Each structure stands twice: as C-alpha cells, then as structure tokens.
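Observations on chain architecture
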Amino acid sequence: MTDPFLAALAQATRTVVARAQGQLPAAPAASISHIYCCAPDRALCGLDLTGASIAGDGGGLDQDCVVCIDLEAGPCPDCAEGRRPR
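A quick note: this is a predicted structure, and the numbers were derived from the prediction, not measured. (Residues numbered from 1 in each chain as written. Predicted model: local features only at pLDDT ≥ 70, side-chain atom pairs only at ≥ 80, totals over all residues. Heavy atoms only, no water.)

1. Digging into the overall build of the protein chain
If you tally the helices and strands in the protein chain, you get 2 helices and 4 strands. Its helices and strands taken in sequence order, the protein chain reads α-β-β-β-α-β from the N to the C terminus. Taken across its 86 residues, the protein chain has 16% of its residues classed as buried. Restricting the contact set of the protein chain to residue pairs at least 6 apart, pairs at least 24 apart contribute 62%. For the protein chain, the accessible area works out to roughly 6200 Å², and carbon and sulfur atoms hold 60% of it. (Helix = DSSP H or I, 4+ residues; strand = E, 2+ residues; numbered from the N terminus. Buried < 20%, exposed > 50% of the residue type's maximum accessible area, 1.4 Å probe, protein only. Contact = heavy atoms within 4.5 Å. Areas by Shrake-Rupley, 256 points an atom, 1.4 Å probe, with all protein chains shown as cover.)

Quick look at the structure:
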C-alpha cells in the first residue's frame, strides 16, 4: 500500500514540473496585502503603494506581507494613528 503523503507529494511534483515545462497553465499569483500608517502610498516595508487596490479586492487570494506584519507591532515613529491594511 502506498503512503498517502508520498502519493500527494509525487502528484504535486508532477504538477510543478508540468507547469515549468509549459504543459500546464501557471497557477494564479496571489496578491500581497501590505500595511501602511501615516503615508498611504508607502507600505511599512517600504513598497510604493501608489495606485494599489485596497485589501480584500483580490478575490480571496491575498497574502499578508511578512515584513509589514513584523513592523506593525511597533509604534509609528511619525504619528499616533492606527495602521491600515492595503
């Protein structure tokens, strides 16, 4: 009997290889949700957010920026306002 984990790993590996070889379409890219504070066009991680959509508009594919999450815990050096997702 085949181990279910190894069977799933083998299938995932075949899928990744097929995508890399162009035999399958690429998986949809997840959008990254960033956090900003007093400068709405600059994320805490330093990314320029000019023209970026508000968090939650990505159809459920949003992932949190790990740098913004780490920096969110500390106080803002520029203001006393709360931080907002974007």
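Don't stop here, the text continues.
2. Notes on a nonpolar patch on the surface
On the surface, Phe5, Leu6 and Leu9 cluster together to form a nonpolar patch covering roughly 320 Å² of accessible area. Position of leucine 9 among the secondary structure elements: in helix α1 (residues 4–20). Leucine 9 gets classed as partly exposed once you look at its relative accessible area, which sits at 42%. (Patch = residues over 30% accessible without salt bridge, like charges linked within 9 Å, V, L, I, M, F, W, Y side chains within 5 Å. Salt bridge = Lys/Arg side-chain N within 4 Å of Asp/Glu carboxyl O.)

3. Side note on α1
Here α1 is 17 residues long and its end C-alpha atoms lie 24 Å apart, about the 24 Å a rise of 1.5 Å per residue gives. Following α1 by one or two positions, glycine 22 adopts a phi angle in the positive range, close to 80°. (Expected span 1.5 Å × (residues − 1).)

4. Thoughts on the confidence of the model for the protein chain
Summarising the model, the protein chain shows a mean pLDDT of 75, and 71% of its residues fall at 70 or more. The least confident element of the protein chain, judged by mean pLDDT, is strand β4 (residues 84–85) at 55; the most confident is helix α2 (residues 66–72) at 85. (pLDDT = per-residue confidence, 0-100.)

5. Here we look at the environment of alanine 18
Tracing the chain through its elements places alanine 18 in helix α1. Its relative accessible area of 9% is what places alanine 18 among the buried residues. With residues up to four places along the chain from it excluded, the contact list for alanine 18 reads Gln23 and Leu24.

6. Regarding the environment of glutamine 23
Of note, glutamine 23 is situated in the loop between α1 and β1 (32–33). In this structure the side chain of glutamine 23 is engaged in a polar contact, spanning 3.2 Å, whose partner is the side chain of glutamine 21. (Polar contact = N/O pair within 3.5 Å; in protein donor to acceptor, adjacent residues only side chain to side chain.)

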